[in-house]
Amino acid sequence: MISYRKELWFNTSQRRELINITPQIQQEIQNSGIKEGLVLVNAMHITASVFINDDESGLHQDFEKWLEHLAPEKPYNQYKHNTYEDNADAHLKRSIMGREVVVAITQGQLDFGPWEQIFYGEFDGKRKKRVLVKIIGE
Amino acid sequence: MISYRKELWFNTSQRRELINITPQIQQEIQNSGIKEGLVLVNAMHITASVFINDDESGLHQDFEKWLEHLAPEKPYNQYKHNTYEDNADAHLKRSIMGREVVVAITQGQLDFGPWEQIFYGEFDGKRKKRVLVKIIGE
Amino acid sequence: MISYRKELWFNTSQRRELINITPQIQQEIQNSGIKEGLVLVNAMHITASVFINDDESGLHQDFEKWLEHLAPEKPYNQYKHNTYEDNADAHLKRSIMGREVVVAITQGQLDFGPWEQIFYGEFDGKRKKRVLVKIIGE
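Before going into details, it helps to say that this report is about the structure given with it. (Residues numbered from 1 in each chain as written. Chains lettered and ligands numbered in written order. Predicted model: local features only at pLDDT ≥ 70, side-chain atom pairs only at ≥ 80, totals over all residues. Heavy atoms only, no water.)

Before going further, it helps to spend a moment on the overall build of chain A. Assigned secondary structure in chain A consists of three helices and eight strands. Going from N to C terminus, chain A has its helices and strands arranged as β-β-α-β-β-α-α-β-β-β-β. For 138 residues, the compact-globule formula gives about 14 Å, and the C-alpha radius of gyration of chain A, at 16 Å, lands near that figure. Overall, chain A is about 50 × 30 × 20 Å in size when its C-alpha atoms are taken along their principal axes. (Helix = DSSP H or I, 4+ residues; strand = E, 2+ residues; numbered from the N terminus. Rg over C-alpha atoms; globule rule 2.2 N^0.38 Å.)

A full pass over the atoms with the stated rule returns twelve aromatic pairs over all chains. Ring centres of Phe10(B) and Tyr120(B) lie 4.6 Å apart, and the angle between their planes is 15°; on these two criteria the pair is classed as stacked. Residue Phe10(B) is located in strand β1 (residues 2-10), and its partner Tyr120(B) is located in strand β7 (residues 117-122); the two are separated by 110 residues in the primary sequence. With relative accessibility at 0%, the residue Tyr120(B) sits in the buried group. In textbook terms, an aromatic cluster arises when at least three aromatic residues are bridged by ring pairs, as seen for Phe51(A), Phe63(A), Trp66(A) and Phe119(A). Positioned above the aromatic ring of Trp9(A), the side-chain terminus of Lys128(A) is 4.9 Å from the ring centre. (Phe/Tyr/Trp six-rings, centres within 6.5 Å; stacked < 30°, edge-to-face > 60°. Buried < 20%, exposed > 50% of the residue type's maximum accessible area, 1.4 Å probe, protein only. Lys NZ or Arg CZ within 6 Å of the ring centre and 35° of its normal.)

Turning our attention to the interface of chain B and chain C. Each partner contributes to the interface: chain B provides 34 residues, whereas chain C provides 28 residues. Both sides together, the interface formed by chain B and chain C hides about 2500 Å², and carbon and sulfur atoms give 60% of it. Counting across the chain B and chain C interface gives three salt bridges. Across the pair Glu36(B) and Lys134(C) runs a salt bridge whose closest N-O atoms are separated by 2.6 Å. For the pair chain B and chain C, the number of links is 15 residue pairs in polar contact (both at pLDDT 80 or more). Secondary structure elements with two or more residues in the side of chain B that touches chain C: β3 (37-43), β4 (48-53), α2 (57-70), α3 (88-97), β5 (100-106) and β8 (129-137) of chain B. Per-class residue counts for the side of chain B that touches chain C are 18 nonpolar, seven polar and nine charged. (Contact = heavy atoms within 4.5 Å. Buried area = accessible area lost by both parts, 1.4 Å probe. Salt bridge = Lys/Arg side-chain N within 4 Å of Asp/Glu carboxyl O. Polar contact = N/O pair within 3.5 Å; in protein donor to acceptor, adjacent residues only side chain to side chain. Nonpolar A, V, L, I, M, F, W, Y, C, P; charged D, E, K, R; others polar.)

Below, the discussion takes up α3(B). Residues and elements named next belong to chain B. Extensive coverage of α3 is indicated by the burial of ten of its ten residues. All of the buried residues along α3 are Ala88, Asp89, Ala90, His91, Leu92, Lys93, Arg94, Ser95, Ile96 and Met97. Phi turns positive one or two residues past the end of α3, at Gly98, with a value near 100°.

The next point concerns the relation of the copies chain B and chain C. Mapping chain B onto chain C leaves a residual RMSD of 0.0 Å; the transformation is a rotation of 120° accompanied by 0.0 Å of translation along its axis. Such a combination of rotation and displacement between the chain copies is what one expects of a three-fold axis. Both copies present different contact surfaces, since only 18% of the interface residues of chain B are interface residues in chain C too. (Least-squares fit on C-alpha atoms with pLDDT ≥ 70 in both.)

We now examine the sheet that holds strand β8 (residues 129-137) of chain C. Residue and element names in this part refer to chain C. Spatial strand order, β1-β8-β3-β5-β6: five strands in an open sheet with antiparallel pairing. The two strands at the open ends of the sheet, each matched to only one other strand, are β1 (2-10) and β6 (109-110). Of the pairings in the sheet, the one linking strand β3 (residues 37-43) to β8 comprises seven bridges and is antiparallel in character. Of the residues in β8, the one forming a bridge with Leu40 is Lys134. (Pairing = 2+ DSSP bridges.)

Right, let's get into the packing of helix α2 (residues 57-70) of chain A against helix α3 (residues 88-97) of chain A. All names here are of chain A. Where α2 meets α3, the closest approach of the two axes is 10 Å, and the angle between their N-to-C directions is 120°. With respect to each other, α2 and α3 are oriented oblique. As α2 runs across α3, the sense of the crossing is right-handed. Only Asp89, Lys93, Ile96 and Met97 of α3 make contact with α2, whose side of the interface consists of Phe63, Trp66, Leu67, Glu68 and Leu70. Here the residues of the contact of α2 with α3 are counted per class, giving six nonpolar, no polar and three charged. (Axes fitted to C-alpha atoms, helices over the stretch in contact; angles between N-to-C directions. Parallel < 35°, antiparallel > 145°, perpendicular 65-115°, else oblique. Left-handed = near helix turned anticlockwise from the far one by under 90°.)

Of the residues lining the interface, 34 residues belong to chain A; the matching set on chain B comes to 28 residues. Together chain A and chain B conceal approximately 2500 Å² of surface at their shared face, both sides included; 60% is due to carbon and sulfur atoms. Scanning the region where chain A abuts chain B turns up three salt bridges. For Arg5(B), the salt bridge identified is with Asp111(A), shortest N-O distance 2.5 Å. Scanning the region where chain A abuts chain B turns up 15 residue pairs in polar contact (both at pLDDT 80 or more). Elements with a minimum of two residues in the side of chain A that touches chain B: β3 (37-43), β4 (48-53), α2, α3, β5 (100-106) and β8 (129-137) of chain A. Of the residues that constitute the side of chain A that touches chain B, the class distribution is 18 nonpolar, seven polar and nine charged.

Below, the structure is given as structure tokens:
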């Protein structure tokens, strides 16, 4: 069994942003030399997500509106977490979208259906944050 | 380390349906010959889920009502994604229910608690769609 | 490849409770002797969660209020599942918070960002329930 580890860094210009990281993950799989196994991709911060969905801008606007409806950013004082911080909503949004994905690696490639793409979901950005890529296999 | 891969195909008669796939996953574990490891089971489509919960019909009706409340199918024009398609709600419902499960394999069996069952959750059906089963271990 | 398995038992005094299990998971990684790999931590019951977020009491109160808003416990008769049971809301809450986490192990440690902590989320407690820890690696 081989294992491989890499951190990816992000610093978004907006509080909330969705970034397609599929090419970077595929590149790390090639760097690892692993042909058959699993790749874990997870946010290392608790106000961000890694998830798989469609790279379609209309859908991304729908996600923004929907997450704001389910866990609104404001008013900040509706959340007990918001004493020294203002990001309680980001913790909740990330709970819906998920912390991590585990993806199969087959013949050295992400083993994906036709429209699957991996996204970094930032819900409290404008600062440096990390994603962990851990690959195990052979 | 051994790895094993299998695709399962589904074509539901209704737009939304929950299908218990536990026996099929257990069969694939036997086919793989792997006794100790992990099995990843994921939807290969972004409007479907794989999740673990109870095989109880009342609960399944509760899921349907609850998901329709949190991410209603209609009116279609409430979603920007729905220009050529009408399935934005399915992308959102799948985000709540999750894309994948990772389950431990112990002594050649799904290592489950008393009521755990694996479901394929279809939210935009009436067409052929796939689930990926990837097993690694020894 | 080495594999390691352990069950952790919980019996909460309240219906809903969040318990930080990070030290116990780190201890099991040491017990396993595995230095590089993946650890799967999952609820073995379908009315409980394992998730990763912040160990901050204000946020935990926000989670309680938010989950009660999205999937209220009462009135019990709003759910078809609640015939012999009263825990349909717990099945829904666990669907939002997730069944499991998969965490990278690097140099014998949980490979975590600065604030990541693993929680057992109980949504139908006051009885003995289990979490499974399965570790694979080398």
